[in-house]
Amino acid sequence: PSLGTPRQAAVQGGPRVFAVMVGISDYGGRGDLPYTAEDALKLAESLRRDGVLNPASVTLVDADATVAGVKNAIARVGAMAGPNDIFLFFYSGHGSQRAGTVSALEPDGKTETIVMRDGQISDAEMAQLFAGINARMSLIVLDSCFSGGFGRNVVSRPGVVGLFSSEEDLTSQVAGKFEAGGYLSHFLRTGLSGEANLDGDDMITAGELTTYLRRKFASDVQDVASETMDGQRSYQYLVVERGGVQLDDVVMRVANR
């Protein structure tokens, strides 16, 4: 198989994905969600089956998905990911917004959060956690309401890609027709399992993955209703923040099938 450009050829295959995968369906009876815990479990199983998931990776679902547990997992697993590795943080569950102050990072004056079992992790806190990671590429994938608001905070230095299921002031819906907690969760899994390898070589590049996800959202997430906190109605769209990551940067090798 083609190894691509010299820069691409330097990317090593094997269990190079150091992942923290979080899914919460059981919120203790308050706002429980279908399929979202399964999103994390299915992604872990899929990456493991494809031989790319490093054994240091962690999956936290439902009661195990506490603020401290998730922050500790990101710090611990992130510290193990070196310059030949990918760090992935994946989350499927509730997202929220709370009042903050207007700034360049928060032009609407609202702080976006992901909702754990016992509290919330904000976009600013997530940016701090990602700042300590020295992987070749870091991915943050959030399938949650208002998730697009994490983009400006986290995708703030080279080598970070953000994939978010909706714009920062809009809700995300459950993807019941795919038995998935969210559309992004479902298509991330199918894409990384090989469908995003659009040119059939042994690599999935950042350009291929984002093109694949955009195409799937365009064809399968048409007219999925969405709304703001104060009830303004719109539709759900994928948000991609590629930052300094180039189109031909390799997300992962999919060889050895």
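Calculation criteria
- Residues numbered from 1 in each chain as written.
- Predicted model: local features only at pLDDT ≥ 70, side-chain atom pairs only at ≥ 80, totals over all residues.
- Heavy atoms only, no water.
- Core = buried A, V, L, I, M, F, W, Y, C linked by side-chain atoms within 4.5 Å.
- Buried < 20%, exposed > 50% of the residue type's maximum accessible area, 1.4 Å probe, protein only.
- Helix = DSSP H or I, 4+ residues; strand = E, 2+ residues; numbered from the N terminus.
- Contact = heavy atoms within 4.5 Å.
- Salt bridge = Lys/Arg side-chain N within 4 Å of Asp/Glu carboxyl O.
- Pairing = 2+ DSSP bridges.
- Axes fitted to C-alpha atoms, helices over the stretch in contact; angles between N-to-C directions.
- Parallel < 35°, antiparallel > 145°, perpendicular 65-115°, else oblique.
- Left-handed = near helix turned anticlockwise from the far one by under 90°.
- Nonpolar A, V, L, I, M, F, W, Y, C, P; charged D, E, K, R; others polar.

Chemist: Please explain the nonpolar core as it appears in this structure.
Modeler: As a rule of thumb, soluble globular proteins bury nonpolar side chains together. Counting 39 residues, the largest nonpolar core has Met21, Leu47 and Leu163 as the members making the most contacts within it. Broken down by secondary-structure element, the contributors of at least two residues to this core are strand S1 (17-23), helix H2 (36-49), strand S3 (86-92), strand S7 (137-143), strand S8 (160-164), helix H6 (183-195), helix H7 (206-220) and strand S13 (250-253). The residues touching Leu163, leaving out its near neighbours within four places in the chain, are Ile140, Val141, Leu142, Leu184, Leu188, Leu209, Thr210, Leu213, Val239 and Val240. Counting residues in each nonpolar core, the second largest holds 36 residues, with Val77, Val115, Phe130 and Leu142 among its members.

Chemist: Honestly, the pattern of salt bridges in this entry has me stumped. Any pointers?
Modeler: Pairing between side chains of opposite charge can happen when the charged atoms of each approach one another. Under the defined criterion, the tally for this structure stands at ten salt bridges. The closest approach of N and O atoms between Asp85 and Arg16, which form a salt bridge, is 2.9 Å. Placement of the pair is Asp85 in the loop between helix H3 (67-80) and S3 and Arg16 in the loop between helix H1 (6-9) and S1, with a sequence separation of 69 residues. Classification of Arg16 as partly exposed rests on a relative accessible area of 25%.

Chemist: Honestly, the side chain of His186 in this entry has me stumped. Any pointers?
Modeler: Tracing the backbone shows His186 in helix H6. When neighbours within four sequence positions are excluded, His186 is seen to be in contact with Phe178 and Ala180.

Chemist: Any chance you could explain the sheet that holds strand S12 (residues 239-241) here in plain terms?
Modeler: With mixed pairing, six strands are arranged side by side in an open sheet as S2-S1-S3-S7-S8-S12. If you trace the sheet from one side to the other, it starts and ends with strand S2 (58-61) and S12, each paired once. Each strand axis lies, on average, 5° off the axis of its neighbour in the sheet, ignoring direction. Relative to S12, S8 is paired through three bridges, and the arrangement is antiparallel.

Chemist: What is the right way to read the pairing of S3 from this model?
Modeler: The two faces of a sheet get side chains in turn, since along a regular strand they alternate between them. Most of S3 is tucked away, with seven of its seven residues classed as buried. Both faces of S3 are covered, namely the face carrying Ile86, Leu88, Phe90 and Ser92 and the face carrying Phe87, Phe89 and Tyr91. In this sheet, S3 lies alongside S1 in parallel orientation, the contact comprising seven bridges. For Val22, the partnering residue across the bridge sits in S3 and is Tyr91.

Chemist: I would appreciate a short explanation of the sheet that holds strand S5 (residues 110-115) in the present structure.
Modeler: The pairing of strands in a sheet comes from backbone hydrogen bonds and takes either a parallel or an antiparallel form. Here three strands make up an open sheet; going across it, the order is S4-S5-S6 and the pairing antiparallel. Two strands in the sheet have a free side with no partner beyond their single neighbour: strand S4 (95-99) and strand S6 (120-122). Between one strand and the next, the sheet's axes are offset by a mean angle of 40°, whatever the strand orientation. Alignment of S4 against S5, held across five bridges, turns out to be antiparallel. Its bridge partner being in S5, Gln97 is matched across the sheet by Glu112. Strands in contact with helix H4 (residues 123-131) are S5 and S6; relative to S6, the strand with the most contacts, it is inclined by about 70°.

Chemist: Can you help me understand the packing of H6 against H7 in this one?
Modeler: For any two helices packed against each other, the geometry is given by the interaxial angle and the distance between the axes. Between H6 and H7, whose axes approach to 10 Å, the crossing angle comes to 135°. Between H6 and H7, the angle falls in the class oblique. Here the hand of the crossing between H6 and H7 comes out right-handed. Residue-level contacts link Tyr183, Leu184, Phe187, Leu188, Thr190, Gly191, Leu192 and Glu195 of H6 to Leu209, Tyr212, Leu213, Lys216, Phe217 and Asp220 of H7. Residue composition of the contact of H6 with H7, by class: nine nonpolar, two polar and three charged.

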